[in-house]
Amino acid sequence: MEGEFKVQLKTYDSETVVKAFTEYFSNNLTTTFAKSAYQYTGIMKQSDFCAGYHTRDSLFLVYNREGTFLKVYVETLNQQDLNNLKNTLNEYFKNITEMLDRKRIKWSKPQATIRLENCPLTGFVKTKKLYLKGIIEDQREKLFIVPIGSVLASFLAIHWNILDKDEASKDLKKAVISTLEAYIGLLILLLIGLIFVGNKREFTFKI
Amino acid sequence: MEQLGKLHGVEIRKAPVADYGVDLLVVEPNSGKRIAIECKSAGDYGELPISTILPIARLVKNDPNQQVILVSFSSVSDLLSTKLKELNVPSLTKPTVKQVVDQVQLALSA
């Protein structure tokens, strides 16, 4: 069980990135690589990485530049504890992106994955934009499909003489009220989202 | 090991989970040649994490006479692709069934 996260850099200058890691994390590439699972397979070399950092319980290794993505490998000493790996990955993500911000290196498209045997975990950052998009998608049925369906049903019921106009207008009123309720609910959710959901530097994982 | 069927006289078996998670094992009964097929997907991440090389390297080291083929449903980065080549593990990205069968036949005839 290991983790990896990546962020796209607007301008990826390898020298600047390595200097930043040296400045902020001391860059213990040799000792970090020696502690990692990669050391035992022999297939990955230290030269495949440009920076590394380790504590007693965890480590990260930064892969050499490939395209415009900065890719970071994360490993924890306890290979069985998924929550520990998630927390460690998020902590390193927060620290590394703060380092990028301080060095004025623009980054975007953060993504993370945890490699479990036969079950990949994908992580995404829950931004305000994603939160609002999620709410609108969840409420789509109540906001758009149900009102249109109700109006159409009332119209057809009158047209085919199933209901008289009074009965149909009562149904229509109910539909309008429930639509209004849905819109007010949406407004409250949007306000909560705008006030309380911050742009956290944290991955939310889903299987 | 559960036998799934035969293809062109070659047995196809579903490997047990304990066997390093090999998804499919193709066995040629006459020569005893084994082809292990590993299927991987990284979901929304889009590309296989480079650490995918770890279980594959273990698989190759565990049985050097067994040919391993990687079937990926996500893209494979250049670094991972290079490392797979070093291990002599062919990788197929989002292949058709025919492409997998062709690769297995190629490995069996090698």
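Just so it is clear, the model here is predicted, and its values are computed rather than measured.

Parameters and conventions
Residues numbered from 1 in each chain as written. Chains lettered and ligands numbered in written order. Predicted model: local features only at pLDDT ≥ 70, side-chain atom pairs only at ≥ 80, totals over all residues. Heavy atoms only, no water. 1 Å grid on protein atoms, 1.4 Å probe; cavity = no way out; pocket = protein on both sides within 12 Å on 5 of 7 lines; lining within 4 Å. Points joined across faces, edges and corners; volume = space filled by probe spheres on them. Nonpolar A, V, L, I, M, F, W, Y, C, P; charged D, E, K, R; others polar. Domains from an automatic or database assignment. Phe/Tyr/Trp six-rings, centres within 6.5 Å; stacked < 30°, edge-to-face > 60°. Helix = DSSP H or I, 4+ residues; strand = E, 2+ residues; numbered from the N terminus. Buried < 20%, exposed > 50% of the residue type's maximum accessible area, 1.4 Å probe, protein only. Pairing = 2+ DSSP bridges. Core = buried A, V, L, I, M, F, W, Y, C linked by side-chain atoms within 4.5 Å. Contact = heavy atoms within 4.5 Å. Expected span 1.5 Å × (residues − 1). Bend = angle between axes of the 7 residues up to and from the residue. Salt bridge = Lys/Arg side-chain N within 4 Å of Asp/Glu carboxyl O.

Caption draft 1: Expanded view of empty space enclosed by the protein. On inspection of all chains with the given rule, the structure shows one cavity of 30 Å³ or more. When its volume is computed, the largest cavity comes out at roughly 30 Å³. Lining the largest cavity, in full, are Tyr63, Asn64, Glu66, Phe69 and Lys71 of chain A together with Ile50 and Leu79 of chain B. Its residues assigned to classes, the lining of the largest cavity comprises four nonpolar, one polar and two charged.

Caption draft 2: Region of interest: the domain arrangement of chain A. Entries for chain A in the domain assignment read domain 1 (2–125) and domain 2 (128–199). Of note, the centres of domain 1 of chain A and domain 2 of chain A, computed from C-alpha atoms alone, are 45 Å apart.

Caption draft 3: Here's a closer look at the packing of aromatic side chains. Residues and elements named next belong to chain A. One pass over the structure, following the stated rule, counts 16 aromatic pairs over all chains. An angle of 45° between the planes, with centres 6.2 Å apart, marks the rings of phenylalanine 5 and phenylalanine 203 as tilted. Remark: phenylalanine 203 occurs in strand β7 (residues 203–206) and phenylalanine 5 occurs in strand β1 (residues 2–9); sequence separation between them is 198 residues. On the basis of relative accessible area, phenylalanine 5 is assigned to the buried category, the value being 0%. An angle of 35° between the planes, with centres 5.7 Å apart, marks the rings of tyrosine 53 and phenylalanine 60 as tilted. An aromatic cluster of three or more residues is present, and its members are Phe21, Phe25, Tyr53, Phe60 and Tyr92.

Caption draft 4: Looking closely at the pairing of β1 of chain A. Residue and element names in this part refer to chain A. Of all the eight residues making up β1, eight are buried; the element is thus mostly covered by neighbouring parts of the structure. Neither face of β1 is open: one carries Glu2, Glu4, Lys6 and Gln8, the other Gly3, Phe5, Val7 and Leu9, and all of them are buried. Strand direction decides the pairing type here: β1 and strand β5 (residues 107–115), joined by seven bridges, are antiparallel. If you follow leucine 9 over to β5, its bridge partner there is tryptophan 107. As paired elements, β1 and strand β4 (residues 69–76) share six bridges and run antiparallel to each other. Note that in β4 the partner of glutamine 8 across the bridge is phenylalanine 69.

Caption draft 5: Main features of the nonpolar core. Ranked by size, the top nonpolar core spans 32 residues in total, and within it Tyr38 and Met44 of chain A carry the most contacts. With sequence-adjacent residues up to four places away left out, tyrosine 38 of chain A is seen in contact with Phe33, Met44, Phe49, Leu61, Tyr63 and Tyr73 of chain A together with Ile50, Ser51, Ile53 and Leu54 of chain B. Among the nonpolar cores identified, the runner-up in size contains 29 residues, and Leu9, Phe25, Val72 and Leu85 of chain A belong to it.

Caption draft 6: Representation of the environment of valine 176 of chain A. Residues and elements named next belong to chain A. When you line up the elements, valine 176 lands in helix α6 (residues 165–196). On the accessibility criterion, valine 176 (47% relative accessible area) is partly exposed. Linking valine 176 and aspartate 81, residues 95 residues apart in sequence, is a C-alpha distance of 51 Å.

Caption draft 7: Structural detail: helix α5 (residues 128–159) of chain A. All names here are of chain A. For α5, built from 32 residues, the straight-helix expectation of 46 Å at 1.5 Å per residue is met to within 8% by its first-to-last C-alpha distance of 45 Å. In the structure, α5 departs most strongly from a straight axis at glutamine 139, where the bend amounts to approximately 60°. Listed as buried for α5 are Tyr131, Ile135, Gln139, Leu143, Pro147, Ser154 and Ala157. Those residues of α5 that are buried lie in contact with α6. The first or second residue beyond α5 is asparagine 161, which carries a positive phi of 60°.

Caption draft 8: Molecular detail of the pattern of salt bridges. Residue and element names in this part refer to chain A. Counting across every chain of the model gives eleven salt bridges over all chains. The shortest N-O distance in the salt bridge between glutamate 2 and arginine 115 comes to 2.8 Å. Linking glutamate 2 in strand β1 with arginine 115 in strand β5, this pair joins segments that are 113 residues apart in sequence. Each member of the pair, glutamate 2 as well as arginine 115, carries the same accessibility label: buried. Across the pair glutamate 98 and lysine 94 runs a salt bridge whose closest N-O atoms are separated by 3.7 Å. A residue pair is termed a helical-turn pair when its members lie 3 or 4 positions apart in one helix, as glutamate 98 and lysine 94 do in helix α4 (residues 82–102) at four residues. The exposure class assigned to glutamate 98 is partly exposed, which follows from its relative accessible area of 24%. Since its relative accessible area comes to 38%, lysine 94 is described here as partly exposed.

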